[in-house]
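Observations on the three-dimensional arrangement
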Amino acid sequence: MTNLTDLSLADAVKGLEKKEFSSVEITKAHLKAMEEHRHLNAFIVETPDVALKQAVESDKRRASGKAGLLEGAPIGVKDLFCTTGVQTTAASNILRGFKPEYESTVTGKLFGDGAVMLGKLNLDEFAMGSSNTTSAFGNVISPWKRNDASNADLTPGGSSGGSAAAVSARLCLAATGTDTGGSIRQPAAFCGIAGIKPTYGRCSRWGIVAFASSLDQAGAFGRNLEDASMLLRSMSGFDPKDSTSADKPVPDFAAAVKGGVKGLKVGIPKEYRPDGLDPEIEKLWDDGINWLKAEGAEIVNVTLPHTKYGLPVYYIIAPAECSSNLARYDGVRYGLRVDGKDLSETYEKTRAAGFGDEVKRRIMVGTYVLSAGYYDAYYIKAQKVRRLILNDFLEAYKKCDVIITPSTPSAAFAIGENEDDPIKMYLNDIFTVTINLAGLPGLSVPAALNKQGLPLGLQLIGRPWDEETIIRAGGAIERAANFTAIPSLLNLKKKAA
Amino acid sequence: MDLKTVKKVATLARLEMNDKELEAVRAKLGNIMKFVEQLGEVNTDKVEPLANVVDIKLRLREDEVTDGGIQAKILANAPEATAGFFVVPKVVE
């Protein structure tokens, strides 16, 4: 039998259907892989007891003919989703030991469809970061290495770094993520897997630890687009508990992978070709355009003139919403508490001890831009430019159906690089943030390896509620790129065996 | 940005910081605020601020009790709770 951890999610579900193996068997195979690769630090908490209990129940359901969409498939859950009775930390000391008494809507839907949870995946603290180096539970290490024998540990990207590393390293079949400025698409690109962020409002935010509420959106990782689309379908759907949840039918996203791009109009935004763009990234982008053309798509030039303002808008709106959302961590109702001489001092000491530096920095920026006298100059101004960014996209979609760009301006960097200068770190998200500001669906698919042997991804951006078209285009890229590279870590393991 | 402003913001944000931390944050905040200044060059006359990207009207529901009776669950993660209440340091003398 093939290695159960090498199966795609779709093939695993098929194998379970045909009773080629049980959920308990495939779950155990993944738990073993997780144990073998603990040095990646992809999981904050492994939940073998929960997983095996769910797997046993799943096998019973299947035996009685009641199988859900993901019946018996072991997955990972980003530790930003509240899970009943299982520690949920957002990778922050302030939530260390917090065990929710309730289930997030998204994880509830996944379990309702038969998914098995292997554990809670590491991330940047409160999902604030692009390298998974701000977690209170330590850095996540990418399963990929450069081919220059330097052996430097690379970042898996962030904030959903644990999710991307675990899926890439075959520690789970698929995983949930969240994306506020690129936190699914950038780590997917860095780890050579597929990641999709749906339209804002597609997945309920209820029970997901909030960072920036008008930008946060859950999404899915898989080793191919079909898997990510399958997971996304289960995660999606209306939820009355989230006031921004959309009451819209959920399509069979995975069916779109094979849809083809004949006659599709694909937009190329010239603003995504900044001076000094890495020639390898530029070539990758041109390849992607040519692949779509070869499958019958029509290429059109579009313009998104406010692209360069995406990052400054993001770095006002996201911290503003963060400072407001994170005001709830006061040491009274849950989480860490450090006693002071009075209530004010208790708040100040608790928050000083509980939050890491990057979170504090963003709370400070947010508090400043929302403070008296600055609100109009910063926050309202940013919201106005945000509308111009959205209008750019709406204008472009009069001429095209889908937009293709690189996912990131570079391949994965080494842990510790870019850390002194927050602006440089923020530039990682230059191709992804505007999509969150406009609330649009976006995905990243692996398309090539660079000279250093590291994965590069292409991003597809769609109209609101039109995930299916970006999945169709992503499917065409997958077919043409035929990306079969596996992480260095697994190559080494194969050589040893 | 001067240290006094940074100190005021830290107080507003309820974050205890010593002088060394304030100084470190000051430099980084200054950089970020300088970076966002470029928004000033965008003409936003007659542009409405965008707060919600998706065209979803906030829904109304009947004003009725749909939840409750879960005191133990609400207190389950409290750092300190007594007799069904959250416990905080003395607020009123």
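Keep in mind that this is a model prediction, so the values were computed, not measured.

Here the focus is the overall build of chain B. A tally of helices and strands in chain B yields three helices and two strands. For chain B, the sequential pattern of α-helices and β-strands runs α-α-α-β-β. Its C-alpha radius of gyration of 23 Å places chain B more than 25% over the 12 Å reference for a compact globule of 93 residues. Projected onto its principal axes, the C-alpha coordinates of chain B cover approximately 55 × 45 × 25 Å. The buried share among the 93 residues of chain B stands at 14%.

Before going further, it helps to examine the overall build of chain A. When you go through chain A residue by residue, the secondary structure sums to 16 helices and eleven strands. In terms of overall dimensions, chain A has C-alpha extents of about 65 × 55 × 50 Å along its principal axes. Buried residues in chain A amount to 61% of all 497 residues. Relative to all contacts within chain A whose residues are 6 or more apart in sequence, the contacts with residues 24 or more apart total 77%.

I75, A166, A174, F221, I316, V402 and A473 of chain A are the most contacted members of the largest nonpolar core, which totals 167 residues. Once residues within four sequence positions are removed from consideration, F221 of chain A is found in contact with S163, A164, V167, A174, A175, G177, I184, A188, I193, A194, G195 and A228 of chain A.

Three or four residues apart is the spacing at which side chains of an α-helix point the same way, because the helix has 3.6 residues per turn. Residue and element names in this part refer to chain A. Most of helix α4 (residues 105–112) is tucked away: six of the eight residues are buried. Every buried residue of α4 is listed here: T105, V106, T107, K109, L110 and F111. Structurally, α4 contributes buried residues whose contacts are with β2 (74–78), β4 (174–179), β6 (217–222) and α7 (225–235). Downstream of α4 by one or two residues, G114 has phi in the positive range, about 95 degrees.

Now for the pairing of strand β3 (residues 116–121) of chain A. Residues and elements named next belong to chain A. Most of β3 is tucked away, with six of its six residues classed as buried. Direction of pairing for strand β1 (residues 43–46) relative to β3: antiparallel, over a ladder of three bridges. When the sheet's bridge partners are listed, E46 is paired in β3 with G119. With respect to chirality, the unit in which β2 leads through α4 into the neighbouring parallel β3 is right-handed.

Residues and elements named next belong to chain A. When you line up the elements, D330 lands in the loop between α9 (310–325) and α10 (343–354). Take D330: there are 18 C-beta atoms within 10 Å of it, and that puts it in the partly exposed class. Remark: the alpha-carbon pair of D330 and K349, spanning 19 residues in sequence, is separated by 9.5 Å. In this structure D330 touches Y347 and T350, once residues within four positions along its chain are discounted.

Structurally, the position occupied by R463 of chain A is in the loop between β11 (455–462) and α15 (467–481). Sequence separation of R463 of chain A and A396 of chain A is 67 residues, and the distance between their C-alpha atoms is 9.8 Å.

With that settled, consider the interface of chain B and chain A. Counting from both sides, the interface comprises 39 residues of chain B and, opposite them, 54 residues of chain A. Here the element with the most residues in the side of chain B that touches chain A is helix α2 (residues 19–36) of chain B; it accounts for seven residues.

Here α10 of chain A is twelve residues long and its end C-alpha atoms lie 16 Å apart, about the 16 Å a rise of 1.5 Å per residue gives. Listed in full, the buried residues belonging to α10 of chain A are T346, Y347, E348, K349, T350, R351 and G354 of chain A.

Of all residues in chain B, 100% have pLDDT values of 70 or greater, and the mean over the chain is 92. Confidence metrics for the complex model read pTM 0.97 and ipTM 0.95.

With that out of the way, let us pick up the pairing of β2 of chain A. Residues and elements named next belong to chain A. Buried residues dominate β2, accounting for five of its five residues. Of the two faces of β2, the one holding P74, G76 and K78 and the one holding I75 and V77 are both buried throughout. Summarising the sheet, β2 and β3 pair through four bridges and their orientation is parallel. Across the sheet, residue P74 finds its bridge partner in β3, namely V116.

When two helices pack together, you describe them by how their axes are tilted relative to each other and by the distance separating the axes. Look at helix α11 (residues 357–370) of chain A against helix α1 (residues 3–12) of chain B: their axes get within 9 Å of each other, and the N-to-C directions meet at 100 degrees. As far as their axial angle goes, α1 of chain B and α11 of chain A are roughly perpendicular. Residues M364, T367 and Y368 of chain A of α11 of chain A form the contact with α1 of chain B, whose participating residues are V9, A10 and L12 of chain B. Classifying every residue of the contact of α11 of chain A with α1 of chain B gives five nonpolar, one polar and no charged.

Residues and elements named next belong to chain A. Each neighbour pair has its own omega, and for G158 with S159 the value is 5 degrees, a cis peptide bond. Here S159 is to be found in the loop between β3 and α5 (161–168). Even without a glycine there, the phi angle at N41 is positive, about 60 degrees. The residue N41 is located in the loop between α2 (23–36) and β1 in this model.

Let's shift gears to the environment of L388 of chain A. Within the secondary structure layout, L388 of chain A lies in helix α12 (residues 375–396). The spacing of L388 of chain A and K32 of chain A is 356 residues in sequence and 50 Å in space, taken between C-alpha atoms. Leave out the neighbours within four places in its chain, and L388 of chain A touches H306 of chain A together with V42 and V47 of chain B.

Rules and cut-offs
- Sequence order as written defines the numbering, with residues in each chain counted from 1.
- To read the labels, note that chains go from A and ligands from 1, taken in the order they are written.
- Whole-chain, interface and lining totals are the exception, using all residues; otherwise, since this is a predicted model, local features are given only for residues with pLDDT of at least 70 and side-chain atom pairs are given and counted only at 80 or more.
- Under the DSSP-based scheme used, a helix requires at least four consecutive residues in state H or I and a strand at least two consecutive residues in state E, with every element numbered from the N terminus.
- Both definitions apply: the radius of gyration is a C-alpha atom measure, and the globule rule equals 2.2 Å times residues to the power 0.38.
- Three classes are used. A residue is buried when 20 or more other C-beta atoms lie within 10 Å of its own, exposed when 12 or fewer do, and partly exposed in between, with C-beta atoms placed from the backbone.
- With C-beta atoms placed from the backbone, a contact is any residue pair whose C-beta atoms sit within 7 Å.
- In plain words, the nonpolar core is the set of buried Ala, Val, Leu, Ile, Met, Phe, Trp, Tyr and Cys residues that C-beta atoms within 7 Å link up.
- One bridge is not enough; two strands pair if DSSP finds at least two bridges between them.
- Look down the strands so they point away from you; if going from the first strand over the helix to the second traces a clockwise path, that crossover is right-handed.
- An expected span of 1.5 Å times one less than the residue number is assigned to each helix.
- The predictor's confidence in any single residue is recorded as pLDDT, a number from 0 to 100.
- Note on method: axes are straight lines fitted to C-alpha atoms, helices fitted across the in-contact stretch only, with angles between N-to-C directions ranging 0 to 180 degrees.
- Any angle that is under 35 degrees is reported as roughly parallel, and any over 145 degrees as roughly antiparallel; angles of 65 to 115 degrees are reported as roughly perpendicular and all others as oblique.
- Residue type decides the class: Asp, Glu, Lys and Arg count as charged, Ala, Val, Leu, Ile, Met, Phe, Trp, Tyr, Cys and Pro as nonpolar, and the leftover types, Gly among them, as polar.

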